[in-house]
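Structural features, examined
In case you want the letters, here they are:
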Amino acid sequence: MKNKNIKKQKKNEKEEKKAALWPLLIGAAVLAAVAVVLISPRKGYTQRGNDVMLAQTDGLRLCSVGSYTGDFVEQGKEEPAANVLSIVVENTGRQMIQKAVLTVGQARFVLTWLPPGAQCLVQEQSAMTWTRHFSGVMQAESVQTLPMEQVTLHPETVALTATDGEIVLENISGQDIPGSVRVWYKTVEDGLLFGGVSYQAGVDDGVLTADSTATIAASHYSQERSRILLVELTGS
């Protein structure tokens, strides 16, 4: 009788230990799920190991290295591609990254117009295919920044109306705007800027007269998938 009680007690202790472990296991599963969302923020992107490090670079953090299957966009047009070597980087500084060139071995990544706190998926410039041998220290060949006080939509000068494929500029300044007016925008998907490439649309080397409007083609602009980053007035 005594042995039966001992066995029953041990069985109860095992069940209690299992019950205590379940919350830990569930918590770990939740954390793993969150990690997957953060590491693979865009459909088509797969993280591929951690064999690349970014040399110390103020304002830039290498979040992950992987491959991307889908549209290759870095040459300004969308073409289907598979397993393109890609990286996710974050602007950890306080200034706009106007342009950054990152290299590791023969791989070259060109990033433009990345706001502070934003992350961007950048494809290798020549659509190089990812291989399991890809590793090394990534160097910042160049990084150009712009103070955020210079990054503006100039709301006191121009009014923007953007629809799929076109942007309408209206001069509301009360005077002529000489030179060029350029609108810069990027593609956004799943909360992530997509592509090191940025797109521009505007009026070049002309005069946007007071109270006039100009409708300009913006073939890459989508109301659902685009984010206007800034307006440049080069003649002012």
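In short, a report on the structure. (Residues numbered from 1 in each chain as written. Predicted model: local features only at pLDDT ≥ 70, side-chain atom pairs only at ≥ 80, totals over all residues. Heavy atoms only, no water.)

A word on the overall build of the protein
A tally of regular secondary structure across the protein gives 1 helix and 14 strands. Considering only contacts in the protein between residues 6 or more positions apart, those separated by 24 or more positions represent 66%. (Helix = DSSP H or I, 4+ residues; strand = E, 2+ residues; numbered from the N terminus. Contact = heavy atoms within 4.5 Å.)

Observations concerning the environment of A140
Tracing the chain through its elements places A140 in strand β8 (residues 136–146). Judged by relative accessible area, A140 falls into the partly exposed class, the value being 29%. Along the sequence, A140 and T103 sit 37 residues apart, while their C-alpha atoms lie 6.5 Å from each other. (Buried < 20%, exposed > 50% of the residue type's maximum accessible area, 1.4 Å probe, protein only.)

A word on the sheet that holds β8
Sheet architecture is open: 4 strands sit in the order β2-β8-β5-β6, paired in mixed fashion. A strand with exactly one partner marks an edge of an open sheet, and here the two such strands are β2 (52–54) and β6 (107–114). Across the sheet, the axes of successive neighbouring strands diverge by a mean angle of 20 degrees, strand direction being ignored. In this sheet, β6 lies alongside strand β5 (residues 96–104) in antiparallel orientation, the contact comprising 7 bridges. Looking at the pairing, K99 lines up with T112 of β6. (Pairing = 2+ DSSP bridges. Axes fitted to C-alpha atoms, helices over the stretch in contact; angles between N-to-C directions.)

Some points on the sheet that holds strand β9 (residues 158–163)
Spatially, β9-β10-β13 is the arrangement adopted by the 3 strands of the open sheet, whose pairing is antiparallel. Edge positions in the sheet fall to β9 and β13 (213–217), since each has one partner strand and no second. Averaged over all pairs of adjacent strands, the angle between their axes in this sheet comes to 20 degrees, without regard to strand direction. With 6 bridges connecting them, β9 and strand β10 (residues 166–171) associate as antiparallel partners. When the sheet's bridge partners are listed, T163 is paired in β10 with E166.

Topic: the side chain of T57
Secondary-structure assignment places T57 in the loop between β2 and β3 (60–72). T57 gets classed as buried once you look at its relative accessible area, which sits at 13%. Within the structure, T57 has its side chain in polar contact with the backbone oxygen of A55 (distance 2.8 Å). (Polar contact = N/O pair within 3.5 Å; in protein donor to acceptor, adjacent residues only side chain to side chain.)

Digging into the environment of P155
Summarising the element assignment, P155 is placed in the loop between β8 and β9. Classification of P155 by relative accessible area gives exposed; the value is 56%. Note: C-alpha distance between P155 and S173 (18 residues apart in sequence) is 9.2 Å.

Thoughts on the nonpolar core
With 26 residues, the main nonpolar core has L121, I167, L169 and Y185 as its most contacted residues. Elements represented by at least two residues in this core include exactly β9, β10, β11 (177–189), β12 (192–208), β13 and β14 (226–233). Once residues within four sequence positions are removed from consideration, L169 is found in contact with A159, L160, V181, V183, V203, L208, S212, T213, A214 and I216. By size, the runner-up hydrophobic cluster in this structure holds 22 residues, among which are L85, V104, F109 and L114. (Core = buried A, V, L, I, M, F, W, Y, C linked by side-chain atoms within 4.5 Å.)

What to know about the pairing of β11
Relative to β12, β11 is paired through 11 bridges, and the arrangement is antiparallel. Its bridge partner lying in β12, W184 is registered against Q200. Counting the residues between successive antiparallel strands, the hairpin from β11 to β12 contains 2 residues, one of them, D190, with a positive phi of roughly 55 degrees. Both β11 and β14 contribute to a ladder of 7 bridges, which runs antiparallel. The residue bridging Y185 from the neighbouring strand is I228, located in β14.

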